[in-house]
Amino acid sequence: MQEIYNAIQSAAIKIDYAIKHEDTGYSDNQNSTGDIQLKLDIHSDNIIEEIFAPITSVKALASEEKAEPVTVHEEGRYLIGYDPLDGSSLADVNLSVGSIFGIYENDYSGKNLKAAAYVVYGPRVEMVTADEEGVKLFRLNADHTFAFIRDIKLEAKGKLNAPGGTQKNWLPHHKALVEHFFAEGYRLRYSGGMVPDLHQILLKGGGIFSYPGTSDKPAGKLRKVFEVFPFAYIYEKAGGEAIDGKTRLLDLSPEHIHDTTPCFFGSKEEIQKVRNAYANH
Ligand code: AHG
Ligand code: MN
Ligand code: MN
């Protein structure tokens, strides 16, 4: 696994440079989800593919920015599902963005995740890894190495609420749940980038991030393989939980590599409140 984490670090240094110095405009292409790709989405995807393709333990690479997975070593052990640049449309307003990686074996189902990691490109570049050894925070130093900072553990209950999705299209029971958290004293912390939003909740000890199914998008927006399963794994390993409203996210499988799902990530108390609110829906 260290080889994969090293590859993530090398890619992160290059992607960080691209974000800081390259054009933040749109390309002429669309990805499988129908999003117009930014030049930075395409460049980040190419950086990751170039760095990961030579690694012989990697069997295939599945990117949010490509229609189908690419096989690189038939005999390899790991399948990498990744979002090369999450929240990329926030780069031109100088908000934080990220890269997300799921390291799978056999197939891209939640139960087959062996490790997960993400990188936040903010005022500082940080990497978080999750595996059998727990959840660890690393920070990029001036000498281009990542230093271990600390282990990450969620409290049983937090104070932050990050409610995603278009409010006009929230279903009544979801709206009531979000309002309940605010009435309990939770504070709004939402940038529109799931990486910094989920990172903040993890580092501040807890809270709730939601991206629900809405009247216009019943299956939500966030993709299982590239975004949802990796963060579900990280939240569970940090002592929190991650569900789709009812079901544990890591018990789900994608029918198609670009499938989306409603998702809730948080500390245990908040997730129990989600379960209660969604029980009859
Ligand atoms: P991407 O940039 O990879 O398409 O994904 C962005 C995601 C996620 O970071 C965020 O939580 C969500 O999209 C916000 O989307 P909307 O602003 O459309 O609700
Ligand atoms: Mn994304
Ligand atoms: Mn993306």
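## Things to note about the coordination of the manganese ion (ligand 3)
And step 1. Distances from the manganese ion (ligand 3) to its protein donors, namely Glu-64 (OE) and Asp-83 (OD), fall within the range 2.3 Å.
And step 2. In this structure, the manganese ion (ligand 3) lies 3.5 Å from the manganese ion (ligand 2), and both are coordinated by Asp-83. In this pair, Glu-64 sits in the loop between strand 3 (58-63) and strand 4 (70-71) while Asp-83 sits in strand 5 (residues 78-86), placing the two residues 19 residues apart along the sequence. Here Glu-64 and Asp-83 have matching classes, each one buried.

## Describing the coordination of the manganese ion (ligand 2)
And step 1. On the protein side, the manganese ion (ligand 2) has Asp-83 (OD), Asp-86 (OD) and Glu-227 (OE) as donor atoms, found 1.8 to 2.1 Å from it.
And step 2. Binding-site remark: the manganese ion (ligand 2) is held by donors from one chain whose sequence spacing is D-x2-D-x140-E.

## Concerning the sheet that holds strand 5
And step 1. On the basis of which strands lie adjacent, the open sheet formed by eight strands has the order 4-3-5-6-7-8-9-10 and mixed pairing. Two strands lie at the open edges of the sheet, namely strand 4 and strand 10 (146-151), each paired on one side alone.
And step 2. Bridge count between strand 8 (residues 125-131) and strand 9 (residues 134-140): six bridges; the pairing is antiparallel. In the strand pairing of strand 9, Ala-130 is matched with Val-135.

## As for helix 1 (residues 2-21)
Along an α-helix, residues three or four positions apart point the same way, because every turn accommodates 3.6 residues.
And step 1. With 20 residues, helix 1 extends 29 Å from end C-alpha to end C-alpha; this agrees with the ideal 28 Å at 1.5 Å per step.
And step 2. Those residues of helix 1 that fall on the buried side of the exposure criterion are Ile-4, Tyr-5, Ala-7, Ile-8, Gln-9, Ala-11, Ala-12, Ile-15, Asp-16, Ala-18 and Ile-19.

## What to know about the pairing of strand 6 (residues 97-105)
And step 1. Where burial is concerned, most of strand 6 is hidden: nine out of the nine residues are buried.
And step 2. On strand 6, burial covers both faces: Val-97, Ser-99, Phe-101, Ile-103 and Glu-105 on one face and Gly-98, Ile-100, Gly-102 and Tyr-104 on the other are all buried.
And step 3. Two strands pair when backbone bridges link them, and strand 5 and strand 6 are joined in this way by seven bridges, in the antiparallel orientation. Within the sheet, the bridge partner assigned to Tyr-78 lies in strand 6 and is Glu-105.

## Some points on the nonpolar core
And step 1. If you look at the biggest cluster of nonpolar residues, it comprises 43 residues, and the most contacted ones within it are Met-194, Phe-209, Phe-231, Ile-234 and Phe-265.
And step 2. The dominant element in this core, judged by the number of residues it contributes, is helix 5 (residues 224-237), at nine residues.
And step 3. Among the domains, domain 1 (2-151) and domain 2 (160-278) are the pair contributing at least three residues each to this core.

## Side note on the pattern of salt bridges
And step 1. A complete count under the given rule lists 18 salt bridges for this structure.
And step 2. Asp-45 is the salt-bridge partner of Lys-66, the closest N and O atoms lying 3.1 Å from each other. Placement of the pair is Lys-66 in the loop between strand 3 and strand 4 and Asp-45 in helix 2 (residues 39-52), with a sequence separation of 21 residues.
And step 3. Overall, Asp-45 belongs to the buried group, its relative accessible area being 4%.
And step 4. One salt bridge in this structure joins Glu-64 and Arg-223, with 3.2 Å as the shortest N-O distance. Note that Glu-64 is positioned in the loop between strand 3 and strand 4 and Arg-223 in the loop between strand 13 (207-211) and helix 5, a separation of 159 residues in sequence. Side by side, Glu-64 and Arg-223 carry an identical accessibility label, which is buried.
And step 5. Because the salt bridges share partners, they merge into one network encompassing Asp-35, Glu-64, Arg-223 and Glu-227.

Cut-offs applied
Residues numbered from 1 in each chain as written. Chains lettered and ligands numbered in written order. Predicted model: local features only at pLDDT ≥ 70, side-chain atom pairs only at ≥ 80, totals over all residues. Heavy atoms only, no water. Donors = N, O, S within 2.8 Å, 3.2 Å for Na, K, Ca; no water. Helix = DSSP H or I, 4+ residues; strand = E, 2+ residues; numbered from the N terminus. Buried < 20%, exposed > 50% of the residue type's maximum accessible area, 1.4 Å probe, protein only. Pairing = 2+ DSSP bridges. Expected span 1.5 Å × (residues − 1). Core = buried A, V, L, I, M, F, W, Y, C linked by side-chain atoms within 4.5 Å. Domains from an automatic or database assignment. Salt bridge = Lys/Arg side-chain N within 4 Å of Asp/Glu carboxyl O.

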